[in-house]
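Here's the letter readout for the chains.
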Amino acid sequence: MLDRPTISDAEYDKLYRELLRLEEEYPTLRTADSPTQRVGAEPSSQLVKHTHLVPMLSLSNAFNDEELRAWEERLVRMAGDDVRRSGYNCELKIDGAAVSLTYREGVLVEGATRGNGVIGESVTANLRTIRSVPLRLRGSDHPFIMEIRGEVYMPFSGFERMNEERVAAGDPVFANPRNAAAGALRQLDPKITQSRPLSFFGYAIALPDGDDLPVSTQNELLDLLESWGIPVAPHRRCCVGLTDVYEWASDVEHKIRGSLDFAIDGGVVKVNSLALWPELGVVGGREPRYAIARKFAPDIAETTLRAIEVNVGRTGTINPYAVLDAVEIGGAQVKLATLHNFDLVARKDLRVGDVVQVKRAGEVIPQIIGPVPDKRDAKHPPERYTPPTHCPSCKTKLVTGAELGMLYCPNFDCPGRQLESLVHFASRGAMDIRGLSYARITQLVDADLVRDAADLYDLKASQLVELERFAEKSAWQLVEAIQASKSQPLSKLLFALGIANIGEIAAKQIAKRFGTMDAIANASVDDVLAIHGMGDTLAESLVSWFSDKKTRKLIERLRERGLNFEEPQTHTGSALKGATVVITGTLPTLSREEASALVESNGGRISSSVSKKTRFVVAGEEAGSKLEKARQLGVEVIDEAELLRRVRG
Ligand code: IVH
């Protein structure tokens, strides 16, 4: 239901814009639950504390059926057979970040993280950006004030997509969806939260002392939440007795878990009758007795470490990884695990031949916890691991770098490095050469047709058809795609070169500032540092890359092949033909002159005063009377980002 919109996106956009306009005109009509309030809040400089209405407690754990039985026995001793008669409600234990949403008369007014359980951090603007968090509850009969508790999580699908994008942008990846969700919630800028694929499931309601809910069981409570439009996790079950609970837990662990698009770290079993909850009390002020977490066997398995191998990254990093006897963990076959760096291998004293414990962190990237000491042959222990001294690909002597435990291949011409560099060069955020996959690049390198990026531009279809699995059509298409990439803007090319520390965003800023490849190549560290947000490491990395004779040669060869070495500074076109535009206030990145030039080069005219003839006003910070005037006249007001969108079409 929640994922099935009842109107088309276009209709939604139209209504949304109409609403924006009305709210700009009549600000007093703007309500806390208006869809326009999903973003809009300015970044804050720090998070504000929120005291929970009722503390957010934790749960004690049961690791097997036996421990669940012991839990029930204790409850029966305290509250008699009513506990058994009430039955149990079983729910998935979502592995995300716990939050509390305050609704006043059905309208979301505040949202906070769990914090220490008593005081959390107010992250209202961020929570509002999550589409599955209702800004206003459905129905009419809501408590005057209440906190709906639940879990914000990031679906695996979104998590993987986001990490891929981060890799492409040169940003560090998140280890698991839980960290990613928690990190996204604590952002100071809600726009960042909005760009992350977050979702929400509710499971509890907290009311002020003395207030009551119109339901008497946990099962009905979840139904009530759903009737209000709060998403509730699937696969919940109302169980008559523990036998039912055991069966549910086993189903979840062995059948359901693998099919979910979100992480769970167990189930939660709750005494169904709400009336019994206060009577059962709280252990140590932290863990209520009415509920218990049924944890699954951890996602850890033992297997044998067969080899420690290394590969070479595009910047020359030597990355160790473990080759394992295949083992199933959490429903997936694991044969390889990351080892991060050589310092970690040494600290854990991992030796080839050891029995090791492997876990899947956040169920995504397998990691090695360490060797099982008891299983190491005491008489004939395997030999200690010694890191390689020479590059596995080109045999050049490796060097150590600034980062602890890391080794690097310093050879710019190393085939291993070049393969990775070419893959990066062709990737989506870089030169975006369709059809130039990892497999294709390997094939081209193996056939000795390509060594570096410049060679790509010499490829002919007649050479490609000679290779295996290359039909004439795909050969032509690939050559065309490669040729088309020549006109990518300088910023893409700069990123594509794979210079250490230069991600997509930095590349864009650098290209914009310097304008041409030659200006970048001749820039000093200080010139680069003058760009807002650039640090020493980045500046030095850029300058030293361009000072290398070999990289200079590559740049010359790319120039000879006709690649675009310029960053388009303004977008020219006719997108604003005939439009009268007023600019007011300070825009975030463009100066007044730049913005005016942009409007004019796209066919628009700049005016200094707002009238009915004004097509739109571009407003920045501290916009004053012109903005007022525009609102009075009902003239559209946009920000810089929207202006850029319009001229780019
Ligand atoms: S009930 C007093 N139900 O698990 C009990 N918690 O270990 C309040 N969690 O901090 C929690 N799914 O963040 C409950 N269906 C569920 C849950 C759930 C996930 C989390 C919650 C809590 C933690 C306790």
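Note that the structure is predicted; figures quoted are calculated from it, not measured.

(A) Quick peek at the overall build of the protein. Within the protein one finds 25 helices and 24 strands. Dimensions of the protein along its principal axes, counting C-alpha atoms only, are 90 × 85 × 50 Å. Counting every position in the protein, which comprises 649 residues, the buried fraction comes to 46%. In the protein, the proportion of contacts linking residues at least 24 apart, taken out of those at least 6 apart, comes to 66%. If you sum the accessible surface of the protein, you get close to 33,200 Å²; carbon and sulfur atoms cover 50% of it. Side-chain charges of the protein comprise 81 positive and 90 negative groups, with the mean position of each set lying 3 Å from the other.

(B) Summary view of the packing of aromatic side chains. Summed over all chains, the structure comprises eight aromatic pairs. Ring centres of Trp71 and Tyr88 lie 5.6 Å apart, and the angle between their planes is 45 degrees; this geometry places the pair in the tilted category. With Trp71 in helix H2 (residues 65-79) and Tyr88 in strand E3 (residues 88-94), this pair connects stretches of sequence that are 17 residues apart. Accessibility expressed as a relative area gives 0% for Tyr88, which makes it buried. Ring centres 4.7 Å apart and planes at 15 degrees place the aromatic pair Tyr153 and Phe201 in the stacked group. Separated by 48 residues along the polypeptide, Tyr153 in strand E7 (residues 145-153) and Phe201 in strand E8 (residues 199-206) bring together distant segments of the chain. Assessed through its relative accessible area of 8%, Tyr153 is described here as buried. Accessibility expressed as a relative area gives 9% for Phe201, which makes it buried.

(C) Up close: a nonpolar patch on the surface. A cluster of nonpolar side chains, Leu22, Tyr26 and Leu29, forms an exposed patch at the surface whose accessible area comes to about 290 Å². Relative to the helices and strands, Tyr26 resides in the loop between helix H1 (9-25) and strand E1 (48-51). For Tyr26, a relative accessible area of 42% gives the class partly exposed.

(D) Inspection of the site of the ligand at higher detail. Near the ligand lie 14 residues; those nearest to it are Glu91, Lys93, Glu151, Tyr203 and Lys270. One of the backbone nitrogen or oxygen atoms of Leu92 is found 3.2 Å away from a nitrogen atom of the ligand. Within the side chain of Glu151, a nitrogen or oxygen atom sits 2.6 Å from an oxygen atom of the ligand. The fraction of the free accessible surface of the ligand (520 Å²) that becomes covered by protein chains is 87%. Elements with a contribution of two residues or more to the shell around the ligand: E3 and strand E10 (264-271). Sorting elements by how many residues they give to the shell around the ligand places E3 first, with four residues. Residue composition of the shell around the ligand, by class: nine nonpolar, no polar and five charged.

(E) View of the sheet that holds strand E9 (residues 237-239). In space, the five strands of this open sheet follow the order E2-E13-E10-E3-E9, with mixed pairing throughout. With partners counted over all chains shown, the strands left at the sheet margins are strand E2 (60-62) and E9, one partner each. Each neighbouring strand pair of the sheet contributes to a mean axis angle of 35 degrees, computed without reference to strand direction. Direction of pairing for E10 relative to strand E13 (residues 291-294): antiparallel, over a ladder of four bridges. Bridge assignment links Val268 to a residue of E13, and that residue is Ala293. Lying over the sheet, H2 contacts E2, E3, E10 and E13, oriented at roughly 175 degrees with respect to E13.

(F) Representation of a negative patch on the surface. Taken together, the side chains of Glu160, Glu164, Glu165 and Asp261 present a region of like negative charge at the surface. By the element assignment, Glu160 lies in helix H5 (residues 156-169). For Glu160, a relative accessible area of 40% corresponds to the partly exposed category.

(G) Expanded view of the pairing of strand E23 (residues 616-619). Here E23 shows no split at all, with Phe616 and Val618 on one side and Val617 and Ala619 on the other all buried. For strand E21 (residues 580-584) and E23, the ladder comprises four bridges, and the chain directions are parallel. Counterpart to Ile583 in the pairing with E23 is Val618. The pairing of E23 with strand E24 (residues 636-638) spans three bridges and is classified as parallel. Residue Val618 lies in a different strand from E24, and its bridge partner there is Ile638. In terms of handedness, the path from E23 via helix H24 (residues 625-633) over to E24 forms a crossover that is right-handed.

(H) Focus on the state of the cysteines. Under the definition given, this model contains zero disulfides. The closest cysteine sulfur to the non-disulfide-bonded Cys239 is located on Cys90, 3.7 Å from its own sulfur. Of all cysteine sulfurs in the structure, the one in Cys394 sits closest to Cys409, which takes part in no disulfide; the separation is 3.7 Å. Owing to a relative accessible area of 2%, Cys409 belongs among the buried residues under this scheme.

(I) Examining the sheet that holds strand E22 (residues 605-607) more closely. Strand order across the open sheet formed by four strands is E22-E21-E23-E24, with parallel pairing between neighbours. Two strands bound the open sheet, and with one partner strand each, they are E22 and E24. Going across the sheet, the axis of each strand differs from the next one's by a mean of 35 degrees, ignoring polarity. The sheet contact formed by E21 and E22 spans three bridges and is parallel. In the sheet register, Thr580 faces E22, and the bridge partner there is Arg605. Packed onto the sheet, helix H23 (residues 592-601) meets E21 and E22 and runs at close to 165 degrees relative to E21.

(J) The arrangement of the pattern of salt bridges in detail. Under the criterion given, the structure shown has 35 salt bridges. Of the charged contacts, one joins Arg384 and Asp349 as a salt bridge, the two residues approaching to 3.2 Å between their closest N and O atoms. Here Arg384 is found in the loop between strand E18 (365-371) and strand E19 (399-400), whereas its partner Asp349 is found in the loop between helix H11 (342-348) and strand E17 (355-361), with 35 residues between them in sequence. Among the ionic pairs, Arg561 bridges to Glu560, the shortest N-O distance being 3.7 Å. Residue classification places Glu560 among the exposed positions, given a relative accessible area of 63%. Residues joined in a network through salt bridges with shared partners are Asp349, Arg351, Asp354, Arg376 and Arg384.

(K) Region of the structure containing the nonpolar core. Counting 71 residues, the largest nonpolar core has Tyr103, Ile205, Leu225 and Val271 as its most contacted members. When residues in this core are grouped by element, the largest group, six residues, is from helix H9 (residues 242-256). Not counting the four nearest positions on each side in its chain, Ile205 is found in contact with Met146, Glu147, Leu213, Leu221, Leu224, Leu225 and Trp228. Membership of the second largest hydrophobic core comes to 55 residues, among which are Phe425, Ala539, Leu563 and Phe565.

The rules we used
Residues numbered from 1 in each chain as written. Predicted model: local features only at pLDDT ≥ 70, side-chain atom pairs only at ≥ 80, totals over all residues. Heavy atoms only, no water. Helix = DSSP H or I, 4+ residues; strand = E, 2+ residues; numbered from the N terminus. Buried < 20%, exposed > 50% of the residue type's maximum accessible area, 1.4 Å probe, protein only. Contact = heavy atoms within 4.5 Å. Areas by Shrake-Rupley, 256 points an atom, 1.4 Å probe, with all protein chains shown as cover. Lys, Arg positive; Asp, Glu negative; His and termini not counted. Charge placed at Lys NZ, Arg CZ, Asp CG, Glu CD. Phe/Tyr/Trp six-rings, centres within 6.5 Å; stacked < 30°, edge-to-face > 60°. Patch = residues over 30% accessible without salt bridge, like charges linked within 9 Å, V, L, I, M, F, W, Y side chains within 5 Å. Salt bridge = Lys/Arg side-chain N within 4 Å of Asp/Glu carboxyl O. Near = heavy atom within 4 Å. Polar contact = N/O pair within 3.5 Å; in protein donor to acceptor, adjacent residues only side chain to side chain. Nonpolar A, V, L, I, M, F, W, Y, C, P; charged D, E, K, R; others polar. Pairing = 2+ DSSP bridges. Axes fitted to C-alpha atoms, helices over the stretch in contact; angles between N-to-C directions. Right-handed = clockwise from strand over helix to strand, strands pointing away. Disulfide = S-S within 2.5 Å. Core = buried A, V, L, I, M, F, W, Y, C linked by side-chain atoms within 4.5 Å.

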